[in-house]
Amino acid sequence: MSRSHTDVTHQVESRTDRQIDNPACPVTEVLDRVAGKWAIGILVAAAKGPVRFSELERSIEGVSRRMLTLNLRKLEREGLLKRTVYPTVPPKVEYECTEMALELHDTLLSLVDWATRHSHDIARAHADYDAAHSSGQARSQDATVAANGGAPTPR
């Protein structure tokens, strides 16, 4: 295609058209925004009331300062957190959930409860799957070696 070719042969599908075809699309978009490794913990902690950065850092095990900062900014941008800076020395900054985030909070608690109840079941399913598929791979490799007259397949 030449640089001067600008004719559009078909109309690009709009986001609204895709949402009609796939009713789960809005859920997927929201989960992309709030289901990160740290976002749920931040929202659960902030739902209890205004919380300072250092309190969040202590309450969310394993989060680095940078990841906490990035996630706080992302959640603020999404309209789920409100950041308040107080003109003190040193500056005092608090984060609190917006009404929209508080509405989401009950759903997040249900998800946390579900994950807690089923974490052992999921771990067991992983182990069962891995055991079944690793022995299947070994059988497949043995069959390949036999089919090649005893020579392993070159990689």
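On a predicted model such as this, the values are computed, not experimentally measured, just so you know. (Residues numbered from 1 in each chain as written. Predicted model: local features only at pLDDT ≥ 70, side-chain atom pairs only at ≥ 80, totals over all residues. Heavy atoms only, no water.)

What follows is about the overall build of the protein chain. Along the backbone of the protein chain there are 6 helices and 3 strands. Helices and strands appear in the protein chain in the N-to-C order α-α-α-β-α-α-β-β-α. For the protein chain, the proportion of its 155 residues judged to be buried stands at 22%. Of the contacts made within the protein chain by residues no fewer than 6 positions apart, 47% connect residues no fewer than 24 positions apart. Approximately 11800 Å² of the protein chain is accessible, and the part contributed by carbon and sulfur atoms is 55%. (Helix = DSSP H or I, 4+ residues; strand = E, 2+ residues; numbered from the N terminus. Buried < 20%, exposed > 50% of the residue type's maximum accessible area, 1.4 Å probe, protein only. Contact = heavy atoms within 4.5 Å. Areas by Shrake-Rupley, 256 points an atom, 1.4 Å probe, with all protein chains shown as cover.)

Along the polypeptide, N71 turns up in helix α5 (residues 65–77). A polar contact of 2.8 Å, which involves the side chain of N71, links it to the backbone oxygen of M67. (Polar contact = N/O pair within 3.5 Å; in protein donor to acceptor, adjacent residues only side chain to side chain.)

Bridging between strand β2 (residues 81–86) and strand β3 (residues 92–97) involves 6 bridges; their strand directions are antiparallel. If you follow T84 over to β3, its bridge partner there is E94. (Pairing = 2+ DSSP bridges.)

Let us look at the pattern of salt bridges. Enumeration according to the criterion identifies 5 salt bridges in this entry. Of the charged contacts in the structure, one is a salt bridge between E57 and R65, with a shortest N-O distance of 3.3 Å. Exposure remark for E57: the relative accessible area of 23% places this residue in the partly exposed category. Relative accessible area serves as the criterion here: at 52%, R65 is assigned to the exposed category. (Salt bridge = Lys/Arg side-chain N within 4 Å of Asp/Glu carboxyl O.)

This part takes up the side chain of E94. Inspection of the secondary structure puts E94 in strand β3. Leaving out residues up to four positions away in the same chain, E94 has contacts with P50, V51, R52, K82, R83, T84 and Y86.

This part takes up the nonpolar core. Residues I42, L43, L56, L68, L72 and L81 are the most contacted members of the largest nonpolar core, which totals 26 residues. Where this core is concerned, the elements lending two or more residues are α3 (39–46), α4 (53–59), α5, β3 and α6 (99–147). Per element, the largest residue contribution to this core is 7 residues, and it comes from α3. If sequence neighbours within four positions are ignored, L72 has contacts with I42, F53, L56, L81 and Y95. (Core = buried A, V, L, I, M, F, W, Y, C linked by side-chain atoms within 4.5 Å.)

The pairing of strand β1 (residues 51–52) with β3 spans 2 bridges and is antiparallel. Following the sheet pairing, R52 is matched in β3 by E94. Linking two consecutive strands that pair antiparallel, namely β2 and β3, is a turn of 5 residues.

Read from one edge to the other, the open sheet built from 3 strands follows the order β1-β3-β2, with strand pairing classed as antiparallel. Single-partner strands in this sheet number two, and they are β1 and β2. In this fold α3 packs onto β1, β2 and β3, with an angle of close to 95° to the strand it touches most, β3. (Axes fitted to C-alpha atoms, helices over the stretch in contact; angles between N-to-C directions.)

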